[in-house]
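Each chain, written out:
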Amino acid sequence: MMPAGSLLDTHLTNLAAALVPYRRCESQLARWGADLAHRLAGGGRLLVAGNGGSAAEAQHLTAELVGKLHHDRQPLSAIALHAETSALTAIANDYGYTDVYARQVRAHGRPGDVLLLLSTSGTSANLVTAALAAREVGLTSWALTGAAPNPLADACDEVLAVASPDTQVVQELHLVTSHLLCEYLEQELPAALAAVADPAARPVRTGVEVVLDGGTGQQVDA
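A.B. asks: Honestly, the overall build of the protein in this entry has me stumped. Any pointers?
C.D. replies: Along the backbone of the protein there are eight helices and seven strands. Put simply, 70% of the contacts in the protein that link residues at least 6 apart link residues at least 24 apart. When the accessible surface of the protein is summed, it comes to about 11,300 Å², and 57% of that surface belongs to carbon and sulfur atoms.

In structure tokens form, the structure reads like this:
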């Protein structure tokens, strides 16, 4: 039995308190997952970004989508914007850190794509700027934040706000959210793929996809 007031007891108490309102997010998570399944199955793309620990969580999500969560399936297009290190540092150097994600949104985003932004505070200027860029380009923008209201929640089309003042708890439930999004997506994916089985029904993406060989004999998307 853990001692009352210990670090573990305090942390789990805070987590348990946040789980109560989080349970009410089920319908939103199911809707987001199904929506994302149809967008990605139809040739759309998910762009994600965050700072610090939220960046790591965003990249975790893209890994699940490009790879898999449970069962083998086709890869889905998802890009963690903070992982584009050369672009990120060049943009920060030339335009300032506030624009590191917004410029990439304008470069990679197409109408119908989704931009998902993660922030425990909801006040990160570079994420708010990215959300505004998404609106200009025609992307749907979703936010995962801590307690609302906050500037990022206001700038995005929809928000899932974790009702906790504890940054660690917020990040932990953002990870739960990523896993559930993938689960709901994979549940809906067969129906989404069936809906676009006719090639004529698939949207045509514009832009350039560069493929490098690197002398390995295997293609690597760049």
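A.B. asks: Got a minute to help me understand the sheet that holds strand β1 (residues 46-50) in this structure?
C.D. replies: Whether parallel or antiparallel, the strands of a sheet pair through hydrogen bonds between backbone atoms. Strand order across the open sheet formed by five strands is β2-β1-β3-β4-β5, with parallel pairing between neighbours. In the strand order of this sheet, the two ends are held by β2 (78-80) and β5 (158-161), each with one partner. Neighbour-to-neighbour, the strand axes of this sheet turn through a mean angle of 15°, independent of strand direction. Pairing analysis gives three bridges linking β1 to β2, with the strands arranged parallel.

A.B. asks: Is there a simple way to think about the packing of aromatic side chains in this case?
C.D. replies: The geometry of two aromatic rings is summed up by the distance between their centres and the angle between their planes. Throughout the structure, instances matching the rule amount to one aromatic pair. Judged by centre distance (4.4 Å) and plane angle (5°), the rings of Trp32 and Trp142 are stacked. Taken together, the residues Trp32 in helix α2 (residues 26-41) and Trp142 in strand β4 (residues 140-145) connect sequence positions 110 residues apart. Take Trp32: its relative accessible area is 0%, and that puts it in the buried class.

A.B. asks: What's the story with the pairing of β4 in this structure? I'm lost.
C.D. replies: Each regular strand displays side chains that alternate between the two surfaces of the sheet. For β4, a buried count of six out of six residues is recorded, marking the element as mostly surrounded by other parts of the structure. Residues Thr140, Trp142 and Leu144 point to one face of β4 and Ser141, Ala143 and Thr145 to the other, with burial holding for every one of them. Two strands pair when backbone bridges link them, and strand β3 (residues 114-119) and β4 are joined in this way by six bridges, in the parallel orientation. Counted as the bridge partner of Val114 is Thr140 from β4. As paired elements, β4 and β5 share four bridges and run parallel to each other. Paired with Thr145 across the two strands is Ala161, which belongs to β5.

A.B. asks: I tried to follow the packing of helix α3 (residues 53-66) against helix α8 (residues 167-195) on my own but got confused; where do I start?
C.D. replies: Packed helices, taken two at a time, are described by their axes: the angle between them and the distance between them. At a closest axis distance of 10 Å, the pairing of α3 and α8 adopts a crossing angle of 15°. By the angle between their axes, α3 is roughly parallel relative to α8. Helix-helix and strand crossings are classified by hand; for α3 and α8 the assignment is right-handed. Along its contact with α3, which presents Gly53, Ser54, Glu57, His60, Leu61, Glu64 and Leu65, the element α8 presents Gln171, Glu172, His174, Leu175, Ser178, His179, Cys182 and Leu185.

A.B. asks: Looking at this model, I keep getting lost on the environment of Ala125. Mind explaining?
C.D. replies: Among the structural elements, Ala125 can be located in helix α6 (residues 125-137). Here Ala125 falls in the partly exposed class, since its relative accessible area comes to 42%. Counting along the chain gives 27 residues from Ala125 to Leu152, while the straight-line C-alpha distance between them is 8.5 Å.

A.B. asks: Where do I start with the nonpolar core in this structure?
C.D. replies: Across soluble globular proteins, nonpolar side chains show a tendency to be buried alongside one another. Counting residues in hydrophobic clusters, the biggest one holds 36 residues, and the most contacted among them are Leu46, Leu65, Leu116 and Leu160. By residue number, the principal contributor to this core is α8, which donates nine residues. Of all hydrophobic cores here, the second largest spans 22 residues; its members include Ile91, Tyr101, Leu117 and Val128.

A.B. asks: Any chance you could explain the packing of helix α1 (residues 7-22) against α8 here in plain terms?
C.D. replies: Where α1 meets α8, the closest approach of the two axes is 10 Å, and the angle between their N-to-C directions is 50°. Regarding the angle of α1 to α8, the classification is oblique. Here α1 and α8 pass one another in a crossing that is right-handed. Between α1, through His11, Asn14, Leu15, Ala18, Leu19 and Tyr22, and α8, the contact on the second element is made entirely by Gln168, Val169, Glu172, Leu173, Val176, Thr177 and Leu180. Grouping the amino acids of the contact of α1 with α8 by side-chain chemistry returns eight nonpolar, four polar and one charged.

A.B. asks: So what exactly am I meant to see when it comes to the side chain of Thr140 here?
C.D. replies: Position of Thr140 relative to the elements: it lies in strand β4. Within the local environment of Thr140, its side chain forms a polar contact with the side chain of Arg39, the two groups lying 3.1 Å apart. The contact partners of Thr140, leaving out residues within four places of it in the chain, are Arg39, Asp113, Val114, Leu115 and Asp157.

A.B. asks: Looking at this model, I keep getting lost on the environment of Ser54. Mind explaining?
C.D. replies: Mapped onto the secondary structure, Ser54 falls in helix α3. In this structure, the C-alpha to C-alpha distance between Ser54 and Leu175, residues 121 residues apart in sequence, is 9.2 Å. Once residues within four sequence positions are removed from consideration, Ser54 is found in contact with Leu118, Ser119, Thr120 and Gln171.

Reading guide: rules and limits
- Residues numbered from 1 in each chain as written.
- Predicted model: local features only at pLDDT ≥ 70, side-chain atom pairs only at ≥ 80, totals over all residues.
- Heavy atoms only, no water.
- Helix = DSSP H or I, 4+ residues; strand = E, 2+ residues; numbered from the N terminus.
- Contact = heavy atoms within 4.5 Å.
- Areas by Shrake-Rupley, 256 points an atom, 1.4 Å probe, with all protein chains shown as cover.
- Pairing = 2+ DSSP bridges.
- Axes fitted to C-alpha atoms, helices over the stretch in contact; angles between N-to-C directions.
- Phe/Tyr/Trp six-rings, centres within 6.5 Å; stacked < 30°, edge-to-face > 60°.
- Buried < 20%, exposed > 50% of the residue type's maximum accessible area, 1.4 Å probe, protein only.
- Parallel < 35°, antiparallel > 145°, perpendicular 65-115°, else oblique.
- Left-handed = near helix turned anticlockwise from the far one by under 90°.
- Core = buried A, V, L, I, M, F, W, Y, C linked by side-chain atoms within 4.5 Å.
- Nonpolar A, V, L, I, M, F, W, Y, C, P; charged D, E, K, R; others polar.
- Polar contact = N/O pair within 3.5 Å; in protein donor to acceptor, adjacent residues only side chain to side chain.

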